[in-house]
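Overview (structure and organization)
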Amino acid sequence: GPASPGVEVLYESLTTRVTRKRLPAGSVICKEPIGADAARRLRHEAAVLARLAGCAGVAALAPGALAPGVLALQDSGGAALADSLRGGPLEPDRLLQLAAALARCVAAMHGAGVLHRDICPANIVLTASGEPLLIDFDLALPDDMEAGDVSSQDSMVGTLAYLPPEQTGRTGRAVDRRSDLYAL
């Protein structure tokens, strides 16, 4: 439905609605899973983000619960890398700077024991200061968990253009940290 005053819709699909909500203390990003398994997806992503608390370059939970069924995230004030790329490729110096910063983000995430499984320009936000921030951890897994524990092995998960071969389920190989590096 239409957004309320003080609420900006950032993304909407059949399974997720993401908004920016302006509050007296500042703004937060609200991610609302939609559908039959919404509660499970919300619990899963909240648990993954709690595990990643304090990792540089990773989306952070906002303090305090905002509303039932909503994941409240700190607002970086940025926009998706995918939006920046619509104007054409990045300048080489900016690309190298961004690649190094993203590699540090992925290293921090892996150091905390999490596989993202959907690193792509739509899931990277450039903060107001231009630093990258990984978002959208609903497909993420602790690296000690089998992929079948969260999603069906019969279906591919992730963004096709950035999907490593082992994540298609057709190679018989395990999905591990190298999968995120392929996408990066």
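Whatever comes next refers back to the structure up there.
Note that the structure is a prediction, hence the values are computed from the model and not measured. (Residues numbered from 1 in each chain as written. Predicted model: local features only at pLDDT ≥ 70, side-chain atom pairs only at ≥ 80, totals over all residues. Heavy atoms only, no water.)

1. Comments concerning the layout of surface pockets
It is the rolling of a water-molecule-sized probe over the atoms that shows where space remains empty. Basically, it comes down to this: Definitions used throughout: a 1 Å grid over protein atoms alone; a cavity as a set of points that fits a 1.4 Å probe which cannot get out; a pocket as an open set with protein on both sides within 12 Å along at least five of seven lines; a lining residue as one with an atom within 4 Å of a point. Grid points are joined across faces, edges and corners, and a volume is the space filled by probe spheres set on the points. Strands here are runs of E lasting at least two residues and helices are runs of H or I lasting at least four, both read from the DSSP assignment and numbered beginning at the N terminus. Asp, Glu, Lys and Arg are counted as charged, while Ala, Val, Leu, Ile, Met, Phe, Trp, Tyr, Cys and Pro are counted as nonpolar; the rest, among them Gly, fall into the polar class.
Taken as a whole, the largest pocket spans an internal volume of roughly 990 Å³. Forming the boundary of the largest pocket are 38 residues, of which Y11, V18, N123, I135 and D136 lie nearest the centre. Of all the elements in the fold, those that place two or more residues in the lining of the largest pocket are strand 1 (7-12), strand 2 (16-23), strand 3 (26-33), helix 1 (38-51), strand 4 (71-74), strand 5 (79-80) and helix 2 (81-85). The residue inventory of the lining of the largest pocket, partitioned by class, reads 16 nonpolar, nine polar and 13 charged.

2. Quick word on the sheet that holds strand 1
Heads up, the condition is: Criterion used throughout: strands pair if DSSP finds at least two bridges between them. All axes are obtained by fitting lines to C-alpha atoms, using only the stretch in contact for helices, and the reported angles, taken between N-to-C directions, cover 0 to 180 degrees.
Ordered in space as 1-2-3-4, the four strands form an open sheet in which the pairing is antiparallel. Lying at the two open borders of the sheet, with one neighbouring strand each, are strand 1 and strand 4. Each strand axis lies, on average, 25° off the axis of its neighbour in the sheet, ignoring direction. Note that strand 1 and strand 2 share five bridges and pair antiparallel.

3. Overview of the sheet that holds strand 5
In sheet architecture, strand pairing relies on hydrogen bonds along the backbone and comes in two forms, parallel and antiparallel. Put simply, the rule is: Here, residues are in contact when the closest pair of their heavy atoms is within 4.5 Å.
A sheet is described by the order of its strands in space; here three strands give the open sequence 5-7-8, paired in antiparallel fashion. Looking at strand neighbours, the two that pair on one side only are strand 5 and strand 8 (132-134), the edges of this open sheet. As judged from the three bridges shared by strand 7 (residues 124-126) and strand 8, these two strands associate in the antiparallel manner. Counterpart to I124 in the pairing with strand 8 is L134. On top of the sheet, helix 3 (residues 92-111) reaches strand 7 and strand 8; it is set at about 35° to strand 8, its chief contact.

4. A short note on the pattern of salt bridges
We apply this condition: For this document, the term salt bridge refers to a Lys or Arg side-chain nitrogen within 4 Å of an Asp or Glu carboxyl oxygen. The buried label goes to any residue with under 20% of its type's maximum accessible area, the exposed label to any with over 50%, and the partly exposed label to all in between, with areas taken from a 1.4 Å probe on protein chains only.
As enumerated under the stated definition, the model contains 10 salt bridges in all. The partner of R20 in a salt bridge is E8, with the nearest N and O atoms 3.3 Å apart. In this pair, R20 is assigned in strand 2 and E8 in strand 1, connecting sequence segments 12 residues apart. For R20, a relative accessible area of 10% gives the class buried. Residue R17 pairs with E12 through a salt bridge whose shortest N-O separation is 3.2 Å. Taken together, the shared-partner salt bridges in this structure form one network comprising E8, R20, R22 and D75.

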